[in-house]
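This is what each chain is made of:
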Amino acid sequence: MATTMVNAGAEPDDAHDAEEALIEEGEIAGDYLEQLLDVLDFDGDIDLDVEGDRAVVSIDGGRDLSKLVGRGGEVLDALQELTRLAVQQSTGVRSRLMLDVAGWRAKRREELSALGTAAAQRVLESGAAEPLAAMTPFERKIVHDAVAAVDGVNSESEGVEPNRHVVVVPA
């Protein structure tokens, strides 16, 4: 199911053109990943979607897909970057596509959202700031969004990569 992208003040044709460009990104990424899966002798179904302002490509259904995720998503992050580069080589435009394998990112998003909400509740109760573990930019954004949904607390990122982390603070 594709989600229509609408920009405030954008003409319908602009939104349609942007969505078409994202669909093209997804198709290029899907072709690249299909070839890669063949070379690696992995089975998997590739699903293409558009969510907001990015193409989303998912690989599901095959066995041993956890090898494409790796420890803590390290292999998945590398595979996503390679796929983005393949799209950029084809289109000439830097891609922001999101790749998920075996639902790992979706599950991780749920876990991080719950982590952010729970930390926000603890900070509300204690009144004390709570630093969380180091996270990737993708993970920090999910936590920031979850904390923002709770009244009475804020969040900020501190530190330097790879040790950058979220701190939940009273508002």
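The structure we're discussing is the one just above.
Described in the following lines is the structure provided in the data block. Per-chain numbering applies: the sequence of each chain, read as written, is numbered from 1 onward. Residue-level local features of this predicted model are given only where pLDDT is at least 70; pairs of side-chain atoms are given and counted only at 80 or more, and the full residue set underlies all totals for whole chains, interfaces and linings. The side-chain quantities take in all heavy atoms of the structure and omit both hydrogens and water.

Quick look at the pattern of salt bridges
Side-chain pairs of opposite charge can arise where the charged atoms are in close proximity. The rule for a salt bridge is simple: a side-chain nitrogen of Lys or Arg has to be within 4 Å of a carboxyl oxygen of Asp or Glu. Going through the model one piece at a time under the given rule, you end up with ten salt bridges. Between R105 and D77 there is a salt bridge; the shortest N-O distance is 3.0 Å. Linking R105 in helix α3 (residues 104-126) with D77 in helix α2 (residues 74-91), this pair joins segments that are 28 residues apart in sequence. With its nearest N and O atoms 4.0 Å apart, the salt bridge here joins E111 to K107. For helices the rule is a DSSP run of H or I covering at least 4 residues; for strands it is a run of E covering at least 2, with both sets numbered from the N terminus onward.

A short note on the packing of aromatic side chains
Here a pair means two rings of Phe, Tyr or Trp (six-membered ring of Trp) with centres within 6.5 Å. Their orientation is stacked below 30 degrees between planes, edge-to-face above 60, and tilted elsewhere. Taken as a whole, this structure holds zero aromatic pairs when the rule is applied. The criterion is that NZ of a Lys, or CZ of an Arg, lies within 6 Å of the ring centre and within 35 degrees of the ring normal, and then a charge sits over that ring. A cation over an aromatic ring shows up here: R105 above the ring of F138, its NZ or CZ 5.3 Å from the ring centre.

Focus: the nonpolar core
In a soluble, globular protein the nonpolar side chains are often hidden away together inside. The biggest cluster of nonpolar side chains holds 17 residues, and the ones touching the most others in it are L33, I59, L65, L68, L97, L99 and V101. Looking at this core, the elements with two or more residues in it are α1 (12-40), β2 (54-60), α2 and β3 (98-101). Top contributing element to this core by residue count: α1, with four residues. Two residues form a contact once any of their heavy atoms are found within 4.5 Å. The contact partners of L33, leaving out residues within four places of it in the chain, are I46, V57, I59, L79, T83 and L99. Residue types Ala, Val, Leu, Ile, Met, Phe, Trp, Tyr and Cys, when buried and joined through side-chain atoms within 4.5 Å, form a set referred to as a nonpolar core. For each residue, the accessible area found with a 1.4 Å probe, counting protein chains only, is set against the maximum for its type, and the residue is called buried under 20%, exposed over 50%, and partly exposed in between.

So, α3
One fewer than the residue count of a helix, multiplied by 1.5 Å, yields its expected span. Taking 1.5 Å per residue as the helical rise, α3 with its 23 residues ought to reach 33 Å, and the 33 Å between its terminal C-alpha atoms agrees with that figure. Buried within α3 we find R105, L112, G116, A119, A120 and V123. Summarising the contacts, the buried residues of α3 are in contact with α2, β3, β4 (130-134), α4 (137-148), β5 (153-158) and β6 (165-170). After α3 finishes, the residue G127 shows a positive phi value of roughly 75 degrees.

A closer look at the pairing of β3
Burial along β3 is two-sided: the residues M98 and D100 and L99 and V101 are all buried. The pairing of β2 with β3 spans four bridges and is classified as parallel. Note that in β3 the partner of V56 across the bridge is M98. Crossover handedness for the path β2 to α2 to β3: right-handed. Pairing between strands requires that DSSP locate at least two bridges from one strand to the other. Seen with its strands pointing away from the viewer, a crossover is right-handed when the path leading from the first strand over the helix to the second is clockwise.

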